[in-house]
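If you want the building blocks of each chain, they are given just below.
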Amino acid sequence: MDNGQERRKKTVAESTTEQVHLIMQQHLNGSGRLFGGALMQWLDEVAGVVAMRHAETHRVVTAAVDNLQFKQAIYEGEILVLRGYVTYVGKSSMEVEIDTYTELPDGMRQTVNRAFFVMVAVDENERPTQVPELLITTEAEKARNEAAKMRRSMRKQRRENGF
Ligand SMILES: CC(C)(COP(=O)(O)OP(=O)(O)OC[C@H]1O[C@@H](n2cnc3c(N)ncnc32)[C@H](O)[C@@H]1OP(=O)(O)O)[C@@H](O)C(=O)NCCC(=O)NCCS
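Residues numbered from 1 in each chain as written. Predicted model: local features only at pLDDT ≥ 70, side-chain atom pairs only at ≥ 80, totals over all residues. Heavy atoms only, no water.

Rules: UniProt positions are given in the numbering used here, feature names are shortened, and annotations may be inferred rather than shown by experiment.
As annotated in an unreviewed UniProt entry, the chain carries the name Acyl-CoA thioesterase and is attributed to Blautia aquisgranensis. Per UniProt, the chain carries the Sequence similarities (unreviewed entry) text "Belongs to the acyl coenzyme A hydrolase family."

1. Observations concerning the pattern of salt bridges
Note the following rule: When a carboxyl oxygen of Asp or Glu lies within 4 Å of a side-chain nitrogen of Lys or Arg, that pair is called a salt bridge. Secondary structure elements are taken from DSSP: a helix is a run of H or I of four residues or more, a strand is a run of E of two residues or more, and numbering for both begins at the N terminus. A simple rule labels every residue: compare its accessible area, found with a 1.4 Å probe on the protein chains alone, to the largest value its type can have, and call it buried under 20%, exposed over 50%, or partly exposed in between.
Applying the stated criterion to the full structure yields 13 salt bridges. E56 serves as the salt-bridge partner of R8, at 2.5 Å between the closest nitrogen and oxygen. Linking R8 in the segment before β1 (9–11) with E56 in the loop between α1 (36–55) and β3 (60–70), this pair joins segments that are 48 residues apart in sequence. Residue E56 is classed as partly exposed on the basis of its relative accessible area, which comes to 49%.

2. Some points on the side chain of S15
Here is the rule we go by: Here, two residues are considered to be in contact whenever any of their heavy atoms come within 4.5 Å of each other.
Tracing the backbone shows S15 in the loop between β1 and β2 (17–22). When neighbours within four sequence positions are excluded, S15 is seen to be in contact with V50, R53, H54, G84 and V86.

3. Some words on the environment of D44
With respect to the element layout, D44 can be found in helix α1. For the pair D44 and S93, spaced 49 residues apart in the sequence, the C-alpha separation amounts to 15 Å. Setting aside residues up to four positions removed in sequence, D44 forms contacts with T62 and F117.

4. Quick notes on the UniProt feature "domain: HotDog ACOT-type" (unreviewed entry) in the chain
On the UniProt side, "domain: HotDog ACOT-type" (unreviewed entry) is annotated at positions that read residues 13–125 here. A helix fraction of 18% and a strand fraction of 46% characterise residues 13–125, whose end C-alpha atoms lie 30 Å from each other.

5. As for the pairing of β2
Here is the key point about a regular strand: its side chains alternate between the two faces of the sheet. Here is the rule: Only when DSSP finds a minimum of two bridges between them are two strands counted as paired.
The alternating pattern of β2 places T17, Q19 and H21 on a buried face, while none of E18, V20 and L22, on the opposite face, is buried. By the bridge criterion, 6 bridges tie β2 to strand β4 (residues 79–89) in an arrangement that is antiparallel. Its bridge partner lying in β4, T17 is registered against G84.

6. Here we look at the nonpolar core
Stated formally: By nonpolar core we mean a set of buried residues, namely Ala, Val, Leu, Ile, Met, Phe, Trp, Tyr and Cys, connected to one another through side-chain atoms within 4.5 Å.
By size, the foremost hydrophobic cluster in this structure holds 29 residues, and its most contacted members are L80 and M94. Elements supplying a minimum of two residues to this core: α1, β4, β5 (93–103) and β6 (109–121). At 9 residues, α1 tops the list of elements feeding residues into this core. In this structure L80 touches Q19, V20, H21, I23, L34, L39, W42, I74, T100, Y101, T102 and V112, once residues within four positions along its chain are discounted.

Next up, the structure:
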């Protein structure tokens, strides 16, 4: 996986991605709220774009999704903002955090969902391939990176235990 050349570094800002949706009738479930599956698709899209931008390839796959919390219902007419960014980079994997907000007309945002995706860059043979390192530039990014390391270690433990 290592091609012997010095590994490139990229900042969090270089791949940060926002996606905005105006919630309409076709997005609702039978009880008049946003269908959770629609949000999950949008989350996966944002995670994919963040990972493609960081890894500089279209060949990225979703390896794991965890801690998907729905904090409150979302209704027709609301503006939904998904903001995704890289929190941690291993050799071929990237953890992408996505914060989802409803946005009021005055611009105030309220968090409605937080999710963590592990995305892996693969080569033409679908084998994991090395991605640029993550260049941490702020204290907030450093704190998120430390938290991401803990989640990575918990995921490893879960995999070893088969759940
Ligand atoms: C993701 C995938 C490429 C990993 O392949 P693998 O042979 O297990 O590769 P490795 O064990 O070398 O792991 C590669 C990296 O992925 C990480 N990884 C693999 N499975 C993981 C999981 N379940 N959870 C978290 N991280 C995982 C490893 O920690 C490693 O990270 P690193 O390179 O940064 O150290 C492979 O499992 C796969 O193709 N899965 C299907 C993906 C898919 O189809 N997704 C849905 C559609 S996009």
